[in-house]
Amino acid sequence: MNELILLKNNDVFTTSLVIAEGTGNEHKSIKQTITDYQDELKSLGTLAFLKRKSTGGRPEKYYLLNEQQATFLMTLLKNSKIVVAFKLELVKQFYQMRQILLEKQTALWQNTRIEAKANRLKETDEIKALVTYAKENGSKNAEKYYITFSNLANKAVRIDSNQRDTATTNQLNNLILIENIINHVIQEGLQQQAYYKEIYKSCKERIEQFKYIAYLEKIA
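Residues numbered from 1 in each chain as written. Predicted model: local features only at pLDDT ≥ 70, side-chain atom pairs only at ≥ 80, totals over all residues. Heavy atoms only, no water.

**Student:** For this particular structure, what's the right way to read the overall build of the protein?
**Tutor:** Counting its secondary structure elements, the protein contains 9 helices and 4 strands. Beginning at the N terminus, the succession of helices and strands in the protein can be written as β-β-α-α-α-β-β-α-α-α-α-α-α. A globule of 220 residues ought to have a C-alpha radius of gyration of about 17 Å, yet the protein, at 22 Å, is considerably larger. The principal-axis extents of the C-alpha atoms in the protein amount to approximately 70 × 45 × 30 Å. In the protein, buried positions account for 37% of the 220 residues. Residue pairs in contact within the protein that sit at least 24 positions apart in sequence constitute 62% of those at least 6 positions apart. Split by element, the accessible area of the protein, about 13,900 Å² in all, is 50% carbon and sulfur. Here the protein holds 32 positive side-chain charges and 25 negative ones, and the gap between their average locations is 5 Å. (Helix = DSSP H or I, 4+ residues; strand = E, 2+ residues; numbered from the N terminus. Rg over C-alpha atoms; globule rule 2.2 N^0.38 Å. Buried < 20%, exposed > 50% of the residue type's maximum accessible area, 1.4 Å probe, protein only. Contact = heavy atoms within 4.5 Å. Areas by Shrake-Rupley, 256 points an atom, 1.4 Å probe, with all protein chains shown as cover. Lys, Arg positive; Asp, Glu negative; His and termini not counted. Charge placed at Lys NZ, Arg CZ, Asp CG, Glu CD.)

Put into structure tokens, the structure is as follows:
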């Protein structure tokens, strides 16, 4: 199931759009339920709303709901297999995000994030060198390596590109290891004047080896 929780101003939220999609209800129906019980929802916090462009081009209003508001709203929906499964996942993700918020207050997380940012800058320098090298050797799409390698690292630790600030300490440590692998492989490939596509292929293979070893250590 996709990410259901938003982090905003160091608090956790979901939206009426997420609830509608996750429960198999029309968004119009969910918004009507919110309107019918807006007094109760407002007693649990500010009932904020945002706007997005709809398929018809006109702005569509949707609600931002805190954990208590979302929980109350879910009690108003008729249970079905889809709704129950969604409720369970929503509860899990609210809990997980709150745990991450608590973890972010620790010195360990903050120091690890600083290290991860510094390591990311080193990786960017290595990718820049690879981009120049690939262009010199005939590549027409070398600039895509920045996002390609970022996606490779993020996927390996199971985060999206915009989730590094909400990653766990363990994910950040793994990200540092993955990006160190990328740095080393690129350096090695450039020194050996390897074919630029082979350098990327070697990165993927080394990362897969790392993931496999990490898996074996986990189940040992």
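**Student:** What is the right way to look at the pattern of salt bridges in this model?
**Tutor:** Side chains bearing opposite charge may pair, as long as their charged atoms lie close to each other. Scanning all chains against the criterion turns up 8 salt bridges. Put simply, arginine 98 and aspartate 11 hold a salt bridge, and the shortest N to O gap is 3.2 Å. Taken together, the residues span a long stretch of sequence, with arginine 98 in helix H5 (residues 81-103) and aspartate 11 in strand E2 (residues 11-15) at a distance of 87 residues. We classify arginine 98 as partly exposed; its relative accessible area is 32%. Put simply, glutamate 179 and arginine 164 hold a salt bridge, and the shortest N to O gap is 2.9 Å. Residue glutamate 179 is located in helix H8 (residues 169-191), and its partner arginine 164 is located in the loop between helix H7 (145-157) and H8; the two are separated by 15 residues in the primary sequence. Here the two residues glutamate 179 and arginine 164 agree in accessibility, since each one is buried. (Salt bridge = Lys/Arg side-chain N within 4 Å of Asp/Glu carboxyl O.)

**Student:** Any chance you could explain the nonpolar core here in plain terms?
**Tutor:** When a protein is soluble and globular, its nonpolar side chains tend to lie buried together. Membership of the largest hydrophobic core comes to 28 residues, with the highest contact counts inside it found for Leu130, Tyr145, Phe149, Ile182 and Ile186. Of all the secondary structure elements, the ones that give two or more residues to this core are helix H6 (107-136), H7, H8 and helix H9 (196-219). The element contributing the most residues to this core is H8, with 8 residues. Of all hydrophobic cores here, the second largest spans 22 residues; its members include Leu4, Leu65, Met74 and Ile100. (Core = buried A, V, L, I, M, F, W, Y, C linked by side-chain atoms within 4.5 Å.)

**Student:** In this structure, what is going on with the side chain of glutamate 123? I would like to understand it.
**Tutor:** Note on placement: glutamate 123 falls in helix H6. With sequence-adjacent residues up to four places away left out, glutamate 123 is seen in contact with Phe149, Glu179, Ile182 and Asn183.

**Student:** When you look at H8 in this model, what are you seeing that I'm missing?
**Tutor:** Relative to the 33 Å expected for 23 residues at 1.5 Å per residue, H8 spans 33 Å between its end C-alpha atoms, a close match to the ideal helical length. Looking one or two places after H8, you find glutamine 193, whose phi comes out positive at around 55 degrees. (Expected span 1.5 Å × (residues − 1).)

**Student:** How do you make sense of the sheet that holds strand E4 (residues 59-66) when you look at a structure like this?
**Tutor:** In spatial order, the strands read E1-E2-E4-E3; together these 4 strands make up an open sheet with antiparallel pairing. Two strands lie at the open edges of the sheet, namely strand E1 (6-8) and strand E3 (48-53), each paired on one side alone. Strand-to-strand twist across the sheet, computed as the mean angle between neighbouring axes with direction ignored, equals 40 degrees. In terms of strand pairing, E2 meets E4 through 3 bridges, oriented antiparallel. What sits directly across from threonine 14, in E4, is leucine 65. (Pairing = 2+ DSSP bridges. Axes fitted to C-alpha atoms, helices over the stretch in contact; angles between N-to-C directions.)

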